[in-house]
Amino acid sequence: MQTGKVEVDQSVRVEELTKDTVLALANRQVSFTLVIPRRAKRVLREKFRREGKRKKFAPYVFAVAISEALKRAPFQSSDVVVDIEYPGYEKEILGIVKQYHPLLEVYFTSIGKKSPAHFAAYGVYIGRKTPDYTISTSTLLRLLEETKNGPRTVTPRDKPDDSQLT
């Protein structure tokens, strides 16, 4: 099923390791929720720590979780509005999401507490709704590994000036 724009929000930030994180894709018609278990977050944080990339842990896990939620949702969207959860990491998040969904238009803005995505994520967090999908540690590890080996853009080292083009 094709739907218009969806918003993305999370309840409990990825870096909070004592609780599960709930990520939601939603608009007024549809919603899809994905849970990142606290155990998986602990394993992943340790992996990032060992690699010396502690600061990238939360935004990268957030990005691959968005990609997986978009893949598993029973609807397709052409536009996604992502809540600004990790300021300064929008470019990396966008790159990871676009690696899996190249035709998707992705925007970043503050979506607020009245967003359908906020209600969906919070509803699962407080136990009023059941999650649609719980992502495994192995799936997260595989997705994160794929982002390292994903498509790379090759740019020429020296840009020719106009005189060399004739």
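Residues numbered from 1 in each chain as written. Predicted model: local features only at pLDDT ≥ 70, side-chain atom pairs only at ≥ 80, totals over all residues. Heavy atoms only, no water.

*Asks:* Looking at this model, I keep getting lost on a nonpolar patch on the surface. Mind explaining?
*Replies:* On the surface, Y122, Y125 and I126 cluster together into a nonpolar patch covering about 270 Å² of accessible area. Assignment of secondary structure puts I126 in the loop between α4 (116-125) and β8 (133-134). (Patch = residues over 30% accessible without salt bridge, like charges linked within 9 Å, V, L, I, M, F, W, Y side chains within 5 Å. Areas by Shrake-Rupley, 256 points an atom, 1.4 Å probe, with all protein chains shown as cover. Salt bridge = Lys/Arg side-chain N within 4 Å of Asp/Glu carboxyl O. Helix = DSSP H or I, 4+ residues; strand = E, 2+ residues; numbered from the N terminus.)

*Asks:* Would you mind going over the confidence of the model for the chain with me for this structure?
*Replies:* Atomic detail in the predicted coordinates should be set aside for any region of low pLDDT. With 89% of its residues at a pLDDT of 70 or more, the chain shows a mean pLDDT of 90. With pLDDT under 50 throughout, residues 151-161 is counted as low confidence; its partners more than four residues away or in other chains account for three contacts. (pLDDT = per-residue confidence, 0-100. Contact = heavy atoms within 4.5 Å.)

*Asks:* When you look at the side chain of E68 in this model, what are you seeing that I'm missing?
*Replies:* By the element assignment, E68 lies in helix α2 (residues 57-72). The class of E68 is buried, set by a relative accessible area of 2%. Within the structure, E68 has its side chain in polar contact with the side chain of R72 (distance 2.6 Å). Sequence-distant contacts of E68, that is, excluding residues within four places in its chain, are made with L34, Y133, I135, T139 and L143. (Buried < 20%, exposed > 50% of the residue type's maximum accessible area, 1.4 Å probe, protein only. Polar contact = N/O pair within 3.5 Å; in protein donor to acceptor, adjacent residues only side chain to side chain.)

*Asks:* Is there a simple way to think about the nonpolar core in this case?
*Replies:* A general tendency of soluble globular proteins is for nonpolar side chains to be buried together. By size, the foremost hydrophobic cluster in this structure holds 39 residues, and its most contacted members are L34, V61, F62 and I66. Of all the secondary-structure elements, those providing two or more residues to this core are β2 (6-11), β3 (21-26), β4 (31-36), α1 (38-50), α2, β6 (79-83), α3 (90-100) and α5 (137-148). Looking at this core, the element that brings in the most residues is α2, giving 11 residues. Contacts of I66, omitting those with residues within four sequence positions, involve V8, L23, V82, I93 and V97. In terms of nonpolar packing, the next biggest core, distinct from the first, is built from 10 residues, A24, A26, A117 and V124 among them. (Core = buried A, V, L, I, M, F, W, Y, C linked by side-chain atoms within 4.5 Å.)

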